[in-house]
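Each chain, written out:
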Amino acid sequence: SKAKAVFSVMGMTCSACAGSVEKAIKRLPGIHDAVVDVLNNRAQVLFYPNFVNEETIRETIEDVGFEATLIQ
Ligand code: 9UX
């Protein structure tokens, strides 16, 4: 079954920033979908919790260079 996580992502200043975050999340195993909204500083991720977890996703966002906090 799928789980949903919402992150606050700070530091994104253009839509290419959001694109690179989305791409990095989607490269992880166990991701169903990722939508990153630069205007609202949010990343919404649908994932399979047997394969990936919120902290791994959060660290992946940070590896791209942005500050990520799990908010939901
Ligand atoms: Mo464009 Mo967003 O260089 O950092 S990708 S501002």
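Residues numbered from 1 in each chain as written. Predicted model: local features only at pLDDT ≥ 70, side-chain atom pairs only at ≥ 80, totals over all residues.

- Per an unreviewed UniProt entry, the protein carries the name Copper-transporting atpase P-type and comes from Melia azedarach.

Digging into the overall build of the protein
And step 1. Assigned secondary structure in the protein consists of two helices and four strands.
And step 2. Starting at the N terminus and ending at the C terminus, the protein contains elements arranged as β-α-β-β-α-β.
And step 3. Here the C-alpha radius of gyration of the protein, 11 Å, is about what a compact globule of 72 residues would show, namely 11 Å.
And step 4. Counting all 72 residues of the protein, 24% fall into the buried class. (Helix = DSSP H or I, 4+ residues; strand = E, 2+ residues; numbered from the N terminus. Rg over C-alpha atoms; globule rule 2.2 N^0.38 Å. Buried ≥ 20, exposed ≤ 12 C-beta atoms within 10 Å, placed from the backbone.)

Observations concerning the site of the ligand
And step 1. Contacts to the ligand come from T13, C14, A16 and C17.
And step 2. Within the shell around the ligand, the residues separate by chemical class into three nonpolar, one polar and no charged. (Near = placed C-beta within 6 Å. Nonpolar A, V, L, I, M, F, W, Y, C, P; charged D, E, K, R; others polar.)

Thoughts on helix α2 (residues 54-64)
It helps to recall that an α-helix has 3.6 residues per turn; residues three or four apart then point in one direction.
And step 1. What α2 keeps buried is the set I57, T60 and I61. The arc that holds the buried residues of α2, viewed along the axis, is 100 degrees, so those residues lie on one side. In this structure, α2 carries E55, E59 and D63 as exposed residues pointing more than 90 degrees from its buried face.
And step 2. In this fold, the buried residues of α2 make contact with β1 (3-10), α1 (15-27), β3 (42-47) and β4 (67-70). (Arc of directions from axis to C-beta. Contact = placed C-beta atoms within 7 Å.)

Quick notes on the environment of T56
And step 1. Within the secondary structure, T56 sits in helix α2.
And step 2. By the C-beta count within 10 Å, which is 14 here, T56 ends up partly exposed.

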